[in-house]
Amino acid sequence: MSTPGSQPPALDSQAIAFIGGGNMARSLIAGLVSRGTPPGSIRVAEPVEALRTALHADYGVATFADASEATAGAPVWVFAVKPQVMRTVCKTVADAAAADPLIVSIAAGITSTQLDRWLGDGRAVVRTMPNTPALLGAGITGLFANPRVDADQRTLAERILATAGETVWIADEALMDAVTAVSGSGPAYAFLLAEAMQAAGEAQGLPADTARTLAAQTLLGAARMLVESGESAEVLRKRVTSPGGTTQAAIETFEAGGFRALVADAIEAATRRGRELSAAND
Ligand SMILES: NC(=O)C1=CN([C@@H]2O[C@H](COP(=O)(O)OP(=O)(O)OC[C@H]3O[C@@H](n4cnc5c(N)ncnc54)[C@H](OP(=O)(O)O)[C@@H]3O)[C@@H](O)[C@H]2O)C=CC1
Ligand SMILES: O=C(O)[C@@H]1CCC=N1
């Protein structure tokens, strides 16, 4: 795993082509540019004109309506389209992939074997799973490299994703669906908890803006303690829970309601959905 808090070195002027300029691509591009990658070396293919205009205005990157224009001559291609269109999109640029670019994908479910097959076989593929805190440089990305990826390409892929936050290499690709379920989708679980805490606070009489601030700052503080204290979540939880106190009353209610089993079921469902996205879009 990369070192918490360390600044990744700026990438040089090697061209990086993004295929797809939506939400996640935007977050990754923001990270690259803010950490010193020259905007002129980032080329983005995106069919939606308004997104192209905004990406160029906000980050100075070159944008194209056509994927093959963005990928032309670029040694790194980052696929940031929905899993449902990945096969079709790969086919449109497969001929140019003969120049042997490093292929990086951020798509949920889609395997390195599928990407390799759709792009013409023998490709160097790094399958990754970032998450939306990438926008703040506070994300985490799981990465898997297929056997065609050499040491320099591994370093390059890691440096690109490190601009979005922490990185962790995954040796067994089958585990990438679990990575997706825990950290790729994970920010949504934290937001759901924040929504529920805010609503419950309001139900107890707190003003909405006060309840929002209390919930958001509590999640931020708790997350920082998890990352910075070096203590386990269990130890930190027990320190808050005074015997016979308010937290114990809440935790016992969570446990009685099957909170842990519900979380396990939710993460299993997300993992399964990743596999389904692969099979359904093959
Ligand atoms: N959102 C998240 O939290 C995360 C998402 N991911 C993965 O990132 C990928 C992108 O997700 P996200 O950014 O949320 O999705 P978006 O829909 O925001 O972005 C995808 C973009 O790709 C465009 N697109 C479609 N076809 C092409 C094409 N042929 N060439 C170039 N661009 C094209 C889409 O345009 P149009 O809308 O017109 O189709 C859209 O603007 C997905 O595979 C997802 O699994 C990974 C981690 C986290
Ligand atoms: O929900 C999804 O499918 C994508 C992948 C991880 C986060 N968003």
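Residue positions are counted from 1 within each chain, in the order its sequence is given. Lettering for chains starts from A, numbering for ligands starts from 1, and both go in the order in which the items are written. Note on the predicted model: pLDDT of at least 70 is required for a residue's local features to be given, and 80 or more for side-chain atom pairs to be given and counted; whole-chain, interface and lining totals, by contrast, use all residues.

## Things to note about the overall build of the protein chain
In this text, helices come from DSSP runs of H or I with a minimum length of four residues, and strands from runs of E with a minimum of two, each type numbered from the N-terminal end. In terms of regular secondary structure, the protein chain is built from 12 helices and eight strands. The globule rule used here is 2.2 Å times the number of residues to the 0.38 power, and the radius of gyration it is set against is calculated over C-alpha atoms. Whereas a compact globule of 282 residues would reach a radius of gyration of roughly 19 Å, the protein chain reaches 21 Å, a difference of no more than 12%. Projected onto its principal axes, the C-alpha coordinates of the protein chain cover approximately 65 × 40 × 35 Å. By residue count, 35% of the 282 residues in the protein chain fall in the buried class. Note on contacts: each residue gets a C-beta atom placed from the backbone, and two residues are in contact if those atoms are within 7 Å. Contacts in the protein chain between residues far apart in sequence, at least 24 positions, make up 69% of those at least 6 positions apart. For every residue, the other C-beta atoms within 10 Å of its own C-beta are counted; 20 or more classify it as buried, 12 or fewer as exposed, and values in between as partly exposed. C-beta atoms are placed from the backbone.

## Points about the site of ligand 1
Taken together, 27 residues lie near ligand 1, and Gly20, Gly22, Met24, Ala107 and Ala108 sit nearest. For the shell around ligand 1, the elements supplying multiple residues, two or more each, are helix H1 (23-34) and helix H4 (83-93). For this classification, Asp, Glu, Lys and Arg are treated as charged, while Ala, Val, Leu, Ile, Met, Phe, Trp, Tyr, Cys and Pro are nonpolar and the rest, including Gly, are polar. Class assignment of the residues belonging to the shell around ligand 1 gives a composition of 18 nonpolar, seven polar and two charged. Residue proximity rests on one test: whether the C-beta atom, placed from the backbone, lies within 6 Å of the molecule or strand.

## Concerning the UniProt feature "domain: Pyrroline-5-carboxylate reductase dimerisation" (unreviewed entry) in the protein chain
UniProt positions are given in the numbering used here, feature names are shortened, and annotations may be inferred rather than shown by experiment. Here the UniProt feature "domain: Pyrroline-5-carboxylate reductase dimerisation" (unreviewed entry) sits at residues 173-277. Across residues 173-277 one finds 82% helix and 0% strand; the C-alpha atoms that close the span lie 15 Å apart.

## A word on unusual backbone geometry
Non-glycine residue Asp100 carries a positive phi angle of around 65°. Looking at the element boundaries, Asp100 is found in the loop between H4 and strand E5 (102-105). By the C-beta count within 10 Å, which is 12 here, Asp100 ends up exposed.

## Things to note about the sheet that holds strand E4 (residues 76-79)
Strand pairing is defined by DSSP finding a minimum of two bridges between the two strands. Sheet architecture is open: eight strands sit in the order E3-E2-E1-E4-E5-E6-E7-E8, paired in mixed fashion. Each end of this open sheet is capped by a strand with a single partner; those strands are strand E3 (62-64) and strand E8 (165-169). Going from strand to strand, the sheet's axes swing by 25° on average, the running direction of each strand aside. With four bridges connecting them, strand E6 (residues 124-129) and strand E7 (residues 139-145) associate as antiparallel partners. Bridge pairing in E7 places Arg127 opposite Phe144. Only the stretch in contact is used when a helix axis is fitted, and all axes are lines through C-alpha atoms; the angle between N-to-C directions ranges over 0 to 180 degrees.

## Quick notes on the environment of Ala138
Within the secondary structure, Ala138 is located in the loop between E6 and E7. Take Ala138: there are 16 C-beta atoms within 10 Å of it, and that puts it in the partly exposed class. Taking the C-alpha atoms as reference, Ala138 lies 9.2 Å from Thr163; in sequence the two are 25 residues apart. If we skip the residues at most four places from it in the chain, Ala138 touches Pro133 and Gly165.

## Considerations on the pairing of E7
Burial of E7 is extensive: seven of the seven residues sit out of reach of the surface. Where burial is concerned, the two faces of E7 agree: the one with Gly139, Thr141, Leu143 and Ala145 and the one with Ile140, Gly142 and Phe144 are both buried. Both E7 and E8 contribute to a ladder of five bridges, which runs parallel. Counterpart to Thr141 in the pairing with E8 is Thr167. Every crossover in which the path from the first strand over the helix to the second runs clockwise, viewed with the strands pointing away from the viewer, is termed right-handed. In terms of handedness, the path from E7 via helix H6 (residues 151-162) over to E8 forms a crossover that is right-handed.

## Re the nonpolar core
Judged by nonpolar contacts, the single largest core of 56 residues is most densely connected at Phe18, Ile19, Val78, Phe79 and Val104. Apart from residues lying up to four places away in sequence, Val104 is in contact with Val76, Trp77, Val78, Phe79, Val126, Thr128, Ala157 and Ile160. Here a nonpolar core is just a set of buried residues of the types Ala, Val, Leu, Ile, Met, Phe, Trp, Tyr and Cys, joined wherever their C-beta atoms sit within 7 Å.

## Comments concerning the pairing of E5
Regular strands show a simple pattern: their side chains alternate between the two faces of the sheet. The alternating pattern of E5 places Leu102 and Val104 on one face and Ile103 and Ser105 on the opposite face, and all of these are buried. When E4 meets E5, the two strands line up parallel, connected through four bridges. By the bridge assignment for E5, Trp77 is matched with Ile103. The parallel pair E4 and E5, bridged by H4, forms a crossover whose chirality is right-handed. Pairing of E5 with E6 involves four bridges; the strand directions are parallel. Note that in E6 the partner of Val104 across the bridge is Val126.

## Here's the deal with the environment of Gln198
One can find Gln198 in helix H8 (residues 186-203). The buried category is assigned to Gln198, around which 20 C-beta atoms lie within 10 Å. Residues Gln198 and Ala62, spaced 136 residues apart in sequence, show a C-alpha to C-alpha distance of 41 Å. Not counting residues up to four positions away in its chain, the partners in contact with Gln198 are Ala211, Arg212 and Ala215.

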